[in-house]
There are 2 protein chains.
Amino acid sequence: MNSYPEKTQALKGLMNAQSLESIFYPKSIAVIGASRRSEAVGHAVFKNLINGGYEGVLYPVNPKALSIHGVRCYKSVSEIPDPVDLAILIVHAEHCLETFRECLKKGVKAAVIISAGFKEVGGEGIQIEKKITQLARKHGVPILGPNCLGLINTDPRVRMNASFGRAMPKEGRIAFISQSGALCTSVLDYAKGANIGFSKFISMGNKADITELQLLEYLANDEQTDVILMYLENLSHPREMLALARSITGDAKVCKPILAIKAGRTAQGARAASSHTGALAGSDDIYNALFEQGGILRVETVQELFDYAQAFSQRKLPKGSRVAIITNAGGPGIMTTDACVRYGLEMAEISDAAKKELRKHLPATASFNNPVDVIGDAQHQRYQAALEIVLKEKTVDAAIVILTPQAMTDIEEIAEVVGRIASQSDKPVLACFMGIVDVSGGVKVLEERWKMPAYRFPESAARTLAVMAQYGEWMRRPRTGVRNFSVDQDRARKILRRAVREKRKALYDYETREVLEAYGFPLLPMKLAPDSEAAAKAAEEIGCPVVVKISSPQILHKIDAGGVALSVKTAADVRAAADEMLKRIAKTHPEANLLGVTVQKMAPKGREVILGLNKDPLFGPTLMFGLGGTYVEVMKDVTFRVAPIRQLSARHMIRAIKSFKILEGVRGEKPADLEKIAECLERLSQLAVENPEIAELDINPLFVYDKGEGCSVIDARILIDLSGADKSAEAAEFRD
Amino acid sequence: MNSYPEKTQALKGLMNAQSLESIFYPKSIAVIGASRRSEAVGHAVFKNLINGGYEGVLYPVNPKALSIHGVRCYKSVSEIPDPVDLAILIVHAEHCLETFRECLKKGVKAAVIISAGFKEVGGEGIQIEKKITQLARKHGVPILGPNCLGLINTDPRVRMNASFGRAMPKEGRIAFISQSGALCTSVLDYAKGANIGFSKFISMGNKADITELQLLEYLANDEQTDVILMYLENLSHPREMLALARSITGDAKVCKPILAIKAGRTAQGARAASSHTGALAGSDDIYNALFEQGGILRVETVQELFDYAQAFSQRKLPKGSRVAIITNAGGPGIMTTDACVRYGLEMAEISDAAKKELRKHLPATASFNNPVDVIGDAQHQRYQAALEIVLKEKTVDAAIVILTPQAMTDIEEIAEVVGRIASQSDKPVLACFMGIVDVSGGVKVLEERWKMPAYRFPESAARTLAVMAQYGEWMRRPRTGVRNFSVDQDRARKILRRAVREKRKALYDYETREVLEAYGFPLLPMKLAPDSEAAAKAAEEIGCPVVVKISSPQILHKIDAGGVALSVKTAADVRAAADEMLKRIAKTHPEANLLGVTVQKMAPKGREVILGLNKDPLFGPTLMFGLGGTYVEVMKDVTFRVAPIRQLSARHMIRAIKSFKILEGVRGEKPADLEKIAECLERLSQLAVENPEIAELDINPLFVYDKGEGCSVIDARILIDLSGADKSAEAAEFRD
């Protein structure tokens, strides 16, 4: 058994993140295109650097100005007498290449290209961007952008606002990476209003050179950063991203949550995405799979992004999903309970001992169950007692404190005790002070003094806690590897390569069977018979009842073509069926090359599932699992994963379908052989990774029997990728 | 065909809403329990009335004070020299009855009991509350409360803040009704922070007398109110509510949207609800059905409540679900598109003519498709042109305007043009100014000058527009009635009453069949045979193949008891099967009274659906529909309605299941006979309403054939309600 070599693989052929040091911590910066005109972007960037309190040396470059903002100006970068770490380019796209060449000559270590007019506008822009990128890679000088807002590093050691945003955010433990520059301006404004700080703030623009991958790797090692937020429209290196994300989110030593908005979720959204950045958007289902496999928490909205990030900044994860709610109002207690349960949390049981303790501090009309209702006239003493008592409970993994601003509520004092007690506990506590104006003093105490997230609405607190619990579960999950089964790879390869050579889009039935056999899938006894006589003989050898199917590479949907006879009970019937079938289909499908019929042992009826493999142009081989029939076709109840899959992933894939209960057994049925399905998925994964010639593979159906009784491939087909050997080679290399 | 007489029925036996005039517009108020102590509730209420600028005369009543807040105090209500319209009671629960008696003697026209200590604390409190309510009803004096925050009427004609909330909200067109007093304090604070006004603001407390029903009826006629918001934990009169809500939400003349949070959605939430108010919570599915039938928009969170209410205050509904998005940022445009599609809106197509027009006003790099991207450096001129052009498009039903605060964005000017153009169009326009601080000036212009809702996050705007579209669709729906089929009611009644007399919990099979036959359900030829000989004879008459089933009122699950033989092909086989079955079951079920076997024509296989009827203690007869087998049992893919159902509702019930595609036909199947299923549901509805003796009825399965070919009841059972005739009488009356 080999575990998948993720870390080294992820970075193979990619830039070393160390080189980003000059992007984030430059000792000197040349602002090329700095301007005196207050409405110019080059003015805004330079002013932001100056006003932000940059700790290094700034060199404005502008051939037409003597000074900018009181700082001596240079006609060109080469004129600067000192070494320049970072060049920021705010010049017309058509001059960028030339300017960048000059920067290289000057020996800059990194560049940020803020200017627009490149890939996103098409035409000439695409070419310039390509040339600059090639040059950058050749010289090992990383470039951020072009077409971006710039970047911000609030670390007091550098204090760099190299962006044209409206203001410098405050220092914080959250890093933000965005593929949309405009969104950055909004995010900065939200952050200002919601009192949220950032460690690093990066607008990636067109991602000509630096992508989310290098940034993630850098931020993984950044001591200022505890949580990483991303807004993405596409992934530049999805498979490498998966491996890298796993090592960031799942490693107990690093353990930095990654929260991502992936826009372009719907078909319409994806269309908008591609018209916007020319990005090749992959299927949303596969993005989901990839995020799940990488431990990336996918969120829908900017609001969620902030809600979660603030909670994760506390660096406390719940050890389970059992929540206690403390409230001074019944109605909001119910709403919070509803929300907790809706988002998958459990309501913790309060022990009798704790209830007895609560009775000492709360009035008789209080509720001592969960939610603990300290009643409308509660002041901070009751909140203090209740929170201390429930946090001591072994059955409580986390708490939500709800406050409504009632007549006697001493809001700031309550904030003070809640903040203090929460800070002393290793269980996460989220506060929801319901209101805006009257509660603002309390919210300020929580956020500023106790660095504790306070939510406006109970649903936000509940949803946030649920995501924290989900991440906690990810951290605690058993670590499994990718299993490597002993298979006959050569046999499969030979068949697949022959098909490629013969430029066939599909394997013949018996070839498909051989490939699956080589990879250890459970198959039923079967023979290919060229004519009806041979079919009858085959039936005798295998033993009736059998299934007779037409065999032709041109006929993929055999049932639709009338090419399947089920449950044929005697050899004579087999002869008749094969005869009729061959004659009829010869007429109805004159174009089809009929190889004969296959005669296969009739399998006992099991529960039908489908296993699929699809080679995605962006993601490489992806796997699909679902229940057969209408569950897949009508309910779309399927799960996806990017291959290769680990042992645990294979099991998660099965459990994640909505109709999973059917596999567990309903109406007194025994559970199905889940282990065997999982093994089939793992074998399929190995087959996919080792044989890039496969474009598509469907096992439909796989009959699954009761636990311990295995499963049988009933039908399968394999389509071949004839699009070229280069990609295949790449995928093969990826696996090795 | 009779249409259901909703309006008159809803109010039968309930208080006339006119009498609430003294609650909302009293000319004089006695505040009994007004207090000088600043921390007392009686102080807060009096102070709020004074400071709120009440237009009538206030009389503080307190035996121990000379004056309160400078106003002359009275020792008792009877001492007040002038007539008193409204009494507000803030006295200990044990004195409330006596005080209320005094009020009645004084001739007050209405009362608000703010005091707590009644039903919600149990014991003696329940009795006092009951007595007060009886007294109030006897004298026709409506009571709000007890155990409530009070009420607020911002109408300048009265300007009454009769609550102990922290502040008076500003005037607005939104009414809010809450079953949680504490939530009111938060809602007032949210409203203050979000600049939202109210027409009426009512805390219902324990709903001893006045419930949401009378309040809704009052607000339906209230000229100050355009939108009604509710926070509910239970419904006091669900069936009457349904009828009333329909007349408020669905009548083009009234057309006031009702938005409701129904807390206690989850089992755990419901438990919290019942420990909180002693309310009997009904099943959440039925609440959903009832809200849907009544046109009430069910929302999950307070945030949604506000988001939607502000938009509905504009009183413009989209004529369809096609939305145009205008944005100055690509990323947020994609996010908005994602959200629109997720919430069920469609992206409008922009015509070539409009694109041509757009090109005149926007730079070449703009996007002329939907979302229309006016590009980051856009100022108000571009927004103006783009919004004017898209709103003129016939394919556009509504627009969302997205703004990110970029360097050159003239936010307030943009707000001004967007507000103006939107006000001139009959299509709704929602603005999303993404940010908090920088955008606040623009938000103010939109909200205060143009009374236009502005959202922080694109998802809020999209979700709001989707709900508006949903409500528009409700307004435009075809109006259908409850069909009254010509049935043999007497025949069914006779059977059901006999079962009641004999105290049987279930009908015999042949009785069930007769009842269904009397109501015109499609049945298969069947005979009851007391022994195997008779069974064989019956089979000959009916024609094989047949199904043989055990017949015994004690055996409800025939398959589990081995009491079903399917597809029996000859009369001889029928004889053998019946013989074996009767002998075996006599042994395995010695307690069962075996009436023999039924012999039924074997139906051709159709698509299996389930029709159910359940008499709910709170909601009365409710109907269920779903696909058979695992779809119901595992996927819980069912829909509910409260009977009686209209023609349209029956069809919606069928279309609303997730697996509806299966009935439309998959893999080249023809669509199923949906009309016939709908008719069966309507017949079931009539059966339910006309026969309150039925506790439960399952038709499982109903085989449905292709369109035009009808359906067949394959199996059914009817359980009898033996809990008492009074309820039955009530339900029967309700229908007549």
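Residues numbered from 1 in each chain as written. Chains lettered and ligands numbered in written order. Predicted model: local features only at pLDDT ≥ 70, side-chain atom pairs only at ≥ 80, totals over all residues.

Okay, the sheet that holds strand 1 (residues 28-32) of chain B next. All names here are of chain B. Read across the open sheet, the 5 strands follow the order 2-1-5-6-7; overall the sheet is parallel. Looking at strand neighbours, the two that pair on one side only are strand 2 (57-61) and strand 7 (143-144), the edges of this open sheet. Against the sheet, helix 4 (residues 93-106) engages strand 1, strand 5 (86-89) and strand 6 (110-113), with an angle of about 165° to strand 5. (Pairing = 2+ DSSP bridges. Helix = DSSP H or I, 4+ residues; strand = E, 2+ residues; numbered from the N terminus. Contact = placed C-beta atoms within 7 Å. Axes fitted to C-alpha atoms, helices over the stretch in contact; angles between N-to-C directions.)

Residue and element names in this part refer to chain B. Within the open sheet, the 7 strands sit side by side as 9-8-13-11-14-15-16. Their pairing is mixed. Two strands in the sheet have a free side with no partner beyond their single neighbour: strand 9 (160-163) and strand 16 (297-299). With strand direction ignored, the average angle separating the axes of adjacent strands in the sheet is 15°. Bridge count between strand 11 (residues 174-178) and strand 13 (residues 200-203): 3 bridges; the pairing is parallel. Bridge assignment links Phe176 to a residue of strand 13, and that residue is Phe201.

In this section: unusual backbone geometry. With the exception of glycine, the majority of residues adopt a negative phi angle, and the majority of peptide bonds are in the trans configuration. Residues and elements named next belong to chain A. The omega torsion across Gly145 and Pro146 is -5°, close enough to zero to call that bond cis. Inspection of the secondary structure puts Pro146 in the loop between strand 7 (143-144) and strand 8 (150-153). Here the residue pair Asn700 and Pro701 is connected by a cis peptide bond, since its omega of 0° sits within 30 degrees of zero. Of note, Pro701 is situated in strand 28 (residues 694-704). A positive phi is found at Ser567, a non-glycine position, where the angle reads about 55°. Position of Ser567 among the secondary structure elements: in strand 23 (residues 564-568).

The transform that puts chain B on chain A rotates by 180° and translates by 0.1 Å along the axis, for an RMSD of 0.1 Å. When the rotation and shift are considered jointly, the pair of chain copies conforms to a two-fold rotation axis. The C-alpha atom lying nearest the rotation axis in chain B is that of B:Tyr631; the distance is 4.8 Å. (Least-squares fit on C-alpha atoms with pLDDT ≥ 70 in both.)

Facing 73 residues of chain B, the contacting portion of chain A comprises 73 residues. Looking at the side of chain B that touches chain A, the elements with two or more residues in it are helix 3 (41-52), helix 6 (181-194), helix 9 (267-277), helix 11 (302-313), helix 12 (330-342), helix 22 (630-633) and helix 24 (660-664) of chain B. With 10 residues, the top contributor of residues to the side of chain B that touches chain A is helix 12 of chain B. When the residues that make up the side of chain B that touches chain A are grouped by side-chain class, the tally is 32 nonpolar, 27 polar and 14 charged. (Nonpolar A, V, L, I, M, F, W, Y, C, P; charged D, E, K, R; others polar.)

This part takes up the nonpolar core. Core analysis: the biggest nonpolar cluster contains 448 residues, and A:Ile88 and B:Ile88 have the highest contact counts within it. Apart from the residues within four sequence positions on either side, A:Ile88 is in contact with A:Ile29, A:Ala30, A:Val31, A:Ile32, A:Val45, A:Val112, A:Ile114 and A:Ala162. (Core = buried A, V, L, I, M, F, W, Y, C linked by C-beta atoms within 7 Å. Buried ≥ 20, exposed ≤ 12 C-beta atoms within 10 Å, placed from the backbone.)

The domain architecture assigned to chain A consists of domain 1 (10-312), domain 2 (316-476), domain 3 (525-602) and domain 4 (607-735). The distance between the C-alpha centroids of domain 3 of chain A and domain 4 of chain A comes to 27 Å. (Domains from an automatic or database assignment.)

Helix length check: helix 25 (residues 674-690) of chain B, at 17 residues, gives a terminal C-alpha distance of 24 Å against a target of 24 Å (1.5 Å per residue), a fit within 8%. By the criterion of burial, helix 25 of chain B is predominantly enclosed, with 14 of the 17 residues buried. (Expected span 1.5 Å × (residues − 1).)

To continue, consider the packing of helix 6 (residues 181-194) of chain A against helix 12 of chain B. Helix-helix packing: each pair is described by the crossing angle between the helix axes and the interaxial distance. The contact between helix 6 of chain A and helix 12 of chain B brings their axes to 6 Å, and the two run at 85°. Between helix 6 of chain A and helix 12 of chain B, the crossing angle belongs to the class labelled roughly perpendicular. Contacts between helix 6 of chain A and helix 12 of chain B pair A:Ala182, A:Leu183 and A:Ser186 from the former with B:Gly330, B:Gly331 and B:Pro332 from the latter. Its residues assigned to classes, the contact of helix 6 of chain A with helix 12 of chain B comprises 3 nonpolar, 3 polar and no charged. (Parallel < 35°, antiparallel > 145°, perpendicular 65-115°, else oblique.)

Residue and element names in this part refer to chain A. Side chains Leu86 and Ile88 of strand 5 (residues 86-89) all project onto a buried face; the interleaved residues Ala87 and Leu89 project onto the opposite face, where all are buried too. Sheet analysis places strand 1 (residues 28-32) next to strand 5, joined by 4 bridges and oriented parallel. The residue bridging Ile29 from the neighbouring strand is Leu86, located in strand 5. Where strand 5 and strand 6 (residues 110-113) come together, 4 bridges link them in parallel fashion. In the sheet register, Ala87 faces strand 6, and the bridge partner there is Ala111.

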